[in-house]
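Architecture and fold: a report
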Amino acid sequence: VGIVKVEEALPFFKKAIEVNPNITQFWISYINALISLDRFEDGQAVLLRAKEAGAKGDAFDTLEQRLSALSIPSDGDALTLAAPNPEELVQRGLKRFEEKDNVSALIYLEKAYNLNPHIKKIWNPLINLKLKTSDFKGTALLLRRMINIEPKNQNLKKHQKKLKIR
């Protein structure tokens, strides 16, 4: 991609993969771009999508090892990894949701929800993402947990009714 700033190339990689997910180099370039921006979790999410799309080979094995190594924190960061900040995960997840990067958004928002299920601003995006993945059982469980937290939430009950229709 003839773009000077790596971050500017990301939408082009996403679009190229949408148009033709069978071209290995698109996946590799996208993952490498994310790594160069220190977006290791996003790189792992894209690698997972690539594998689900059938990507395999030495290049993907190497990327997986690289991402694994880069994701290991230094001793000073070990506490941060052991106890991630849910609000930071929420911000990253909502940003990815706005960017329509559903896989990364789902990863961040699920992590945030598991750390603190009372963060209500992620409920709707999280439900919508779960529905997009056709994880209806997971969505039903999530809705039950949310309704237990806030039993009078009509929006959650509407989602639950829609889910029963499916």
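Higher on the page you've got the structure.
Since we're looking at a predicted model, the values are computed, not measured.

**Let's talk about the layout of surface pockets**
- Space inside the second largest pocket adds up to approximately 190 Å³.
- If you go around the second largest pocket, the residues you meet are Glu7, Leu10, Pro11, Lys14, Tyr30, Arg39, Lys95, Glu99 and Asp101.
- Residue contributions to the lining of the second largest pocket peak at four residues, all from helix α1 (residues 6-19).

**Structural notes on the packing of helix α6 (residues 86-98) against helix α7 (residues 102-115)**
- Relative to each other, α6 and α7 sit at 155°, their axes nearing to 8 Å. With respect to each other, α6 and α7 are oriented roughly antiparallel. When you trace α6 past α7, the crossing you get is left-handed. Of α7, the residues touching α6 (which contributes Pro86, Leu89, Val90, Arg92, Gly93, Leu94, Arg96 and Phe97) are Ser104, Ala105, Tyr108, Leu109, Lys111, Ala112 and Leu115.
- Broken down by class, the residue content of the contact of α6 with α7 amounts to 10 nonpolar, two polar and three charged.

**Concerning the packing of aromatic side chains**
- Applying the stated criterion across every chain, the model contains one aromatic pair.
- Ring centres of Phe13 and Tyr30 lie 6.1 Å apart, and the angle between their planes is 35°; on these two criteria the pair is classed as tilted. A residue pair is termed long-range when its members are at least 10 positions apart, and Phe13 in helix α1 and Tyr30 in helix α2 (residues 24-36) qualify at 17 residues.
- Using a relative accessible area of 11% as the deciding quantity, one classes Phe13 as buried.

**Considering α1**
- The end-to-end C-alpha separation of α1 is 20 Å, in line with the 20 Å expected for 14 residues at 1.5 Å each.
- When we look at burial in α1, the residues that qualify are Ala9, Leu10, Phe13, Lys14, Ala16 and Ile17.
- Close packing links the buried residues of α1 with α2 and α3 (40-52).

**Some words on unusual backbone geometry**
- In this structure, Lys100 is a non-glycine residue whose phi angle is positive, near 65°.
- For Lys100, a relative accessible area of 64% puts it in the exposed group.

**Section: the side chain of Asp42**
- Relative to the helices and strands, Asp42 resides in helix α3.
- Residue Asp42 is classed as buried on the basis of its relative accessible area of 1%.
- A polar contact is formed between the side chain of Asp42 and the side chain of Tyr108, at a distance of 3.4 Å.
- Apart from residues lying up to four places away in sequence, Asp42 is in contact with Leu34, Arg96, Ser104 and Tyr108.

Conventions and cut-offs
- Residues numbered from 1 in each chain as written.
- Predicted model: local features only at pLDDT ≥ 70, side-chain atom pairs only at ≥ 80, totals over all residues.
- Heavy atoms only, no water.
- 1 Å grid on protein atoms, 1.4 Å probe; cavity = no way out; pocket = protein on both sides within 12 Å on 5 of 7 lines; lining within 4 Å.
- Points joined across faces, edges and corners; volume = space filled by probe spheres on them.
- Helix = DSSP H or I, 4+ residues; strand = E, 2+ residues; numbered from the N terminus.
- Axes fitted to C-alpha atoms, helices over the stretch in contact; angles between N-to-C directions.
- Parallel < 35°, antiparallel > 145°, perpendicular 65-115°, else oblique.
- Left-handed = near helix turned anticlockwise from the far one by under 90°.
- Contact = heavy atoms within 4.5 Å.
- Nonpolar A, V, L, I, M, F, W, Y, C, P; charged D, E, K, R; others polar.
- Phe/Tyr/Trp six-rings, centres within 6.5 Å; stacked < 30°, edge-to-face > 60°.
- Buried < 20%, exposed > 50% of the residue type's maximum accessible area, 1.4 Å probe, protein only.
- Expected span 1.5 Å × (residues − 1).
- Polar contact = N/O pair within 3.5 Å; in protein donor to acceptor, adjacent residues only side chain to side chain.

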